[in-house]
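Spelled out from the first residue to the last, the chains are:
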Amino acid sequence: MFRTALRNVLAHKARLLMTVLAVMLGVAFVSGTLVFTNSLSAALQKQSAKGFDHVDVAITPEWREAEGGRTGEYYELTRELVDDSAAVPGAAQAIGTVQGFTAIAGKDGKLLGNGFQSQGGNYWGAKDPRYPLVSGVAPKNEGEILIDSETAKRAGYKVGDTVRMSVDGPVLEPEITGIFTTDDGNVAAGGSLTLFDTASAQKLFGKAGVFDEIAVKAKDGVSDTALRAQLEKALPSDAVETTTGTKLADDQSRAIASSMSGLKQGLLVFAGISLFVGTFIIANTFTMLVAQRTKELALMRAVGASRRQVTRSVLIEAFAVGTVAAVAGLVAGVGIGVGLRSLMGTLDAPMPDGPLVISPGTIASAFAVGILVTMLAAWLPGRRAARIPPVAAMSALHAQATTKSLVLRNTLGSLFSGAGVAVVLAATAMDGTDGQVPMGLGAVLLIIGVFVLTPLLSRPLIAAAAPVLRVFGVSGKLARQNSVRNPRRTAATASALMIGLTLITGMTVMAGSLQKSIDKMAASAIEADYMVSMANRHPLSPDVEKKLKQADGVTATSPMRNAYGLVDGEEAYMTGVNGATIGELTEFPVVQGAFEVGGTRIVVDEDTAKSHGWKAGSDVTITYEDDEKQRLTIAGVYQANELVSGVLIDTATLDPHESEAAGSGPADMMVMVKTADGTSDAAKEALEKTLGTNPAIKVQDKQDLSNEIAKMFTLILNMVYGLLAMAVIVAVLGVVNTLAMSVFERSQEIGMLRAIGLDRKGIKRMVRLESLVISLFGAVLGLGLGVFFGWAAGELVGSRMATYELVLPWARMGIFLLLAAVVGVLAALWPARRAARLNMLQAIKAE
């Protein structure tokens, strides 16, 4: 039986080619993901380890709890502690480090790098071992800086140039005195690193006289553990914490591995989708091969082969196919890993240098996935082959499904579909978080149910296309009949395409609806013409609002100032606003009372009021960060959205307590601005000039905000489309494979059609139309399921977003249908050409 199985593989190698390709693509996706993420993780870990070359022990401040419900604070790392650390017998050097956000502009005035990755720090003394200078000298005052070599290369800066930069608002124009190299991960990821002298860095980052961390280097022959023991004796144990460089490197390595795990799992999900789609092709291929060999299998049964041996022979064929696909997929996966590394470089997200990592686990995973998926998909066809009675198989080429099996299939499909719809509908009535798991379960049940019911659905849906197919005459009629001749085969082929389009359509519906909802939210609640914020979403300096208030044409401004405190003894986040102007800049629906902020009067959002049992007119006690208490009155309750929520309090009431709080001051997350002439390019440019054309600050109108969010959705959608493209390609291979094998099965029939007058063009047209019908059938099912899932997921989102509304992307769905039609036509090119070139007489004589 083993030799027979291998001979069958060799005899049908052309027909198994598409199956090998389908499995190979899935394996390539899996192995490519593992190669890429393992290589990236190893490179980042190597780079991270370099960053600790000059740190044998790191000293960080301990957290000190405050009394009376106040916010705690960190102990201060002073210059005295740095000197004490350097004086330890085993210490060669101690460096105090300071870090903070620093935006640097290019020569075009725009921010260099990603806002979140634009960092600043201090250069220690005249020669800092952490940052080797390529050229120039160390900075000595606030008017001098160093920049990293990658940023200098991207922007075209050199020593002696003046640059525009900002830390928390005001624009600075220091001179570049030197350029340095660094292994900093942010720089490798496309960010920038700017260094100041230590005193200037402490002043600019609001940390005068203190450090974030002290890095201590050990003398030759002194271990990091010995140095740490010396430091623990010399420094106050209740004020600082000491950690060895080795442990820091290990912790960083684990953190990198953990972050890579999320990326790896996300990519493997899409690889799993491709493999799942591939199982339809494998099962379909082996089902058709078994059907074509029923006489052969019956003869084997007649001469003594058991059912188990017949099933085993099919599984041996599947094992051979899976092994070939696994080897080819592994090789292709290595190529994908290399390609992804190069792609990151072209997308301004270069990878750190490092070798390509092909681990034993990657190789094992490739073979396990390729072989197991193929054998599992082939098991059911093999089992069906073994159950065909020898006499029945000897008397007919194709055994038709019994009425009992069809009734059982349709019953199971109906039960799964009904249960799936019921669970999804029940999930839409739940809270957003609680409904996620039930909705996922319902979606799986519904997809399984629809797949099982697809043979039943194929007849009425394909019959609906009959009027269009009649236009093509005999070829159209034959195409329709061939499409429903074997409903199970049509279903398996169409289902592969259905799954890909279900996911694509669902994501498109969700993205479009969310974008519309955010536009509606901004339009209905925000009356301000512009929103001003930091590029990295860090707090703005209060000076920004003061400058904007004095600008020509500005009629109203208000900060959105974050604050923390206690409201009636419970933790609460408050937002300080300008009580005199907030009514002009926002328009929130008022549920109770009046939207009045000022003095001792505040407003709260509806959800907060309900959770605390407050209403308009209620008095509450506020405990500020400086531990002062004040009795305030709730003037009104408003309906919040994702942009503004919580307790709104007048800045005149809030600021005295903020400025006196230990180590903190007013922190504006955003400033809203209204101008006399509304939004215009000139008004926006005037505001930017008022702020010194600051690279760290964004001035956005509502359309800019909407476009920024739309850009994010578009990026996510394009990534999803790209990742699901593999599943669609596998589905296309399934259509090609099914048609090619169907043409082989119907060789005699095609020969007869040619003999009675149907020309080669008619044969080609028949096969193409059959492919088109099957592809459109899968697309219609996919679009229907995608819209349903998009609507259901939107209901969950709508429970948390009042402005959410369903938007059906008719144009994109039309494009999806058109692409499905193109897929059908392209997939039929080779099978149609092969069918038309069959020799008429030889085909008639074929069995």
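These numbers were taken from a predicted model, which means no experiment stands behind them. (Residues numbered from 1 in each chain as written. Predicted model: local features only at pLDDT ≥ 70, side-chain atom pairs only at ≥ 80, totals over all residues. Heavy atoms only, no water.)

Undergrad: Quick question: what am I supposed to make of the packing of aromatic side chains here?
TA: Two aromatic rings, taken as a pair, are described by how far apart their centres are and by the angle between their planes. Applying the stated rule across the entire model yields 9 aromatic pairs. Against the face of phenylalanine 451 rests arginine 409, its NZ or CZ located 6.0 Å from the ring centre. (Phe/Tyr/Trp six-rings, centres within 6.5 Å; stacked < 30°, edge-to-face > 60°. Lys NZ or Arg CZ within 6 Å of the ring centre and 35° of its normal.)

Undergrad: Looking at this structure, how should I read the sheet that holds strand β10 (residues 144-148)?
TA: Two pairing modes exist for strands in a sheet, parallel and antiparallel, and in both the strands are linked by backbone hydrogen bonds. With mixed pairing, 6 strands are arranged side by side in an open sheet as β6-β8-β14-β10-β13-β9. Of all the strands in the sheet, the pair left with one neighbour each is β6 (99-101) and β9 (133-136). Here the average twist between neighbouring strands, direction ignored, is 30°. Across 3 bridges, β6 lies against strand β8 (residues 118-123) in antiparallel orientation. (Pairing = 2+ DSSP bridges. Helix = DSSP H or I, 4+ residues; strand = E, 2+ residues; numbered from the N terminus. Axes fitted to C-alpha atoms, helices over the stretch in contact; angles between N-to-C directions.)

Undergrad: Is there a simple way to think about helix α16 (residues 473-485) in this case?
TA: In an α-helix, one turn spans 3.6 residues; hence positions three or four apart end up facing the same way. Across its 13 residues, α16 extends 19 Å between first and last C-alpha, which sits within 8% of the 18 Å expected from 1.5 Å per residue. Of all the positions in α16, only Ser475, Gly476, Leu478, Ala479, Asn482, Ser483 and Val484 are classed as buried. (Expected span 1.5 Å × (residues − 1). Buried < 20%, exposed > 50% of the residue type's maximum accessible area, 1.4 Å probe, protein only.)

Undergrad: What am I meant to see in the environment of proline 381 here?
TA: Among the secondary structure elements, proline 381 is positioned in helix α11 (residues 360-387). Taking relative accessible area as the criterion, proline 381 reaches 3% and is therefore assigned buried. Those residues in contact with proline 381 that sit more than four places away from it in its chain are Ala283, Phe286, Thr287 and Val290. (Contact = heavy atoms within 4.5 Å.)

Undergrad: Would you mind showing me how to read the packing of helix α23 (residues 702-745) against helix α25 (residues 760-798) here?
TA: Two packed helices can be described by the angle between their axes and the distance between those axes. Across the interface, α23 lies against α25 with an axial gap of 11 Å and an inter-helix angle of 140°. By the criterion of interaxial angle, the relationship of α23 to α25 is oblique. The handedness of the crossing between α23 and α25 comes out as right-handed. Across the interface between the two elements, Val735, Leu739, Ser742 and Val743 of α23 pack against Val767, Glu770, Ser771 and Ser775 of α25. (Parallel < 35°, antiparallel > 145°, perpendicular 65-115°, else oblique. Left-handed = near helix turned anticlockwise from the far one by under 90°.)

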